[in-house]
Amino acid sequence: MMHGPLPDQQDHSEAVTGNPLVAALGQALALCNGVIVVFAALALVAACVILSYSVLGRALFHSPNYWQDEAAVFLLVGATFMTAAYVQGQRGHIGIEAFVGLMSPLANRIRLWLVDVASFLFCAFFAWKSWTLAHEAYVDGQVSNSMWSPPLAIPYVLMAVGMTLLCLQILLQIIVPFAGASRR
């Protein structure tokens, strides 16, 4: 549970200024993430509207609905994966802080860096597999098993793009200490 900022973190509004290339990457990623968050919020609202329409349509008009559940799931998958980099940029993912107070600041910085490296490796593998899955679904023309049959490449590409952005965000956080700036 997070009760306050970690000792090695500074205000998120401060730009990374140690290296112009790293600063430019950070600003570009922040801008991209900000745009994605707006669209993800719209996708969540759309999913709520679609599911509400589905429930009311079945309850009031006894009309079958073939597309609503899958459309809502696609929107939710997109919102979840596409905003992962934004959440990581804010250090908003769940973290266990049992050791923070027990370790020296240097040991804690090393621990956080190692966690970022391990997270990057996992997310890079997940992104690679998502891209291969998306490619396979597109090439083979895979569709869902429902009556609506939307292409499965849609959620797979959303997963792949979201995980790729997450990898870029984690990579940025890994290289920041080496670029002459403090960790965010």
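The structure we're discussing is the one just above.
Please read all numbers here as calculations on a predicted model, not as lab measurements.

Student: Would you explain the overall build of the protein in this entry?
Tutor: Across its full length, the protein holds five helices and zero strands. Along the chain direction, N to C, the helices and strands of the protein fall in the order α-α-α-α-α. In the protein, of all internal contacts separated by at least 6 residues, the share reaching a separation of at least 24 is 75%. Carbon together with sulfur atoms contributes 73% to the accessible area of the protein, which is approximately 11,200 Å² in total.

Student: Please explain the nonpolar core as it appears in this structure.
Tutor: Across soluble globular proteins, nonpolar side chains show a tendency to be buried alongside one another. Among the nonpolar cores identified, the biggest contains nine residues, and these are Val22, Leu29, Ile36, Met82, Ala85, Leu165, Leu172, Val176 and Ala179. Secondary-structure elements contributing two or more residues to this core are α1 (20-61) and α5 (153-175). The element contributing the most residues to this core is α1, with three residues. Counting eight residues, the second largest nonpolar core, distinct from the first, contains Ala84, Ala127, Met163 and Ile174.

Student: Would you take a moment to explain the packing of aromatic side chains for this structure?
Tutor: Aromatic ring pairs are described here by two measures, namely the spacing of the ring centres and the angle between the planes. Counted under the stated rule, the structure contains five aromatic pairs. Aromatic pair Trp113 and Phe178: ring centres 5.7 Å apart, planes at 85°, arrangement edge-to-face. In this pair, Trp113 sits in helix α4 (residues 105-140) while Phe178 sits in the segment after α5, placing the two residues 65 residues apart along the sequence. Relative accessible area serves as the criterion here: at 27%, Trp113 is assigned to the partly exposed category. The class of Phe178 is exposed, set by a relative accessible area of 63%. For the pair Phe125 and Trp128, a centre-to-centre distance of 5.8 Å together with 50° between the ring planes defines the contact as tilted. Pair noted here: Phe125 and Trp128 are both in helix α4, with a separation of three residues, about one helical turn. Judged by its relative accessible area of 49%, Trp128 is partly exposed. Ring pairs connect the aromatic residues Phe81, Phe122 and Phe126, which therefore count as one cluster.

Student: Where do I start with the environment of Val49 in this structure?
Tutor: By the secondary structure assignment, Val49 is in helix α1. On the basis of relative accessibility, which here comes to 52%, the residue Val49 falls in the exposed class. Considering only alpha carbons, one finds Val49 and Ala72, 23 residues apart in sequence, at a separation of 8.9 Å.

Student: Explanation requested: the environment of Tyr53 in the structure shown.
Tutor: Position of Tyr53 among the secondary structure elements: in helix α1. A C-alpha to C-alpha distance of 8.2 Å links Tyr53 and Gln68, two positions 15 residues apart in sequence. With residues near it in sequence (within four places) discarded, Tyr53 still touches Trp67 and Gln68.

Student: Can you help me understand α1 in this one?
Tutor: Since one α-helical turn is 3.6 residues long, residues separated by three or four positions face the same way. With 42 residues, α1 extends 60 Å between its outermost C-alpha atoms, agreeing within 8% with the 62 Å of an ideal straight helix rising 1.5 Å per residue. Where α1 is concerned, the buried positions are Val22, Ala23, Gly26, Leu29, Asn33, Ile36, Ala40, Ala43, Ala47, Ile50, Ser54 and Gly57. Taken together, the buried residues of α1 touch α2 (68-82), α3 (84-89) and α5. In this structure Asn19 caps α1, since a side-chain oxygen of it lies 2.8 Å from the backbone nitrogen of Leu21. In the stretch just after α1, His62 is the one whose phi turns positive, near 50°.

Student: I tried to follow unusual backbone geometry on my own but got confused; where do I start?
Tutor: Trans is the common state for peptide bonds, and a negative phi is the common state for residues other than glycine. A positive phi angle, close to 50°, is found at His62, a residue other than glycine. Here His62 is to be found in the loop between α1 and α2. Even without a glycine there, the phi angle at Ser149 is positive, about 55°. One can find Ser149 in the loop between α4 and α5.

About the cut-offs
- Residues numbered from 1 in each chain as written.
- Predicted model: local features only at pLDDT ≥ 70, side-chain atom pairs only at ≥ 80, totals over all residues.
- Heavy atoms only, no water.
- Helix = DSSP H or I, 4+ residues; strand = E, 2+ residues; numbered from the N terminus.
- Contact = heavy atoms within 4.5 Å.
- Areas by Shrake-Rupley, 256 points an atom, 1.4 Å probe, with all protein chains shown as cover.
- Core = buried A, V, L, I, M, F, W, Y, C linked by side-chain atoms within 4.5 Å.
- Buried < 20%, exposed > 50% of the residue type's maximum accessible area, 1.4 Å probe, protein only.
- Phe/Tyr/Trp six-rings, centres within 6.5 Å; stacked < 30°, edge-to-face > 60°.
- Expected span 1.5 Å × (residues − 1).
- Polar contact = N/O pair within 3.5 Å; in protein donor to acceptor, adjacent residues only side chain to side chain.

What is shown is where atoms sit, not what they do.
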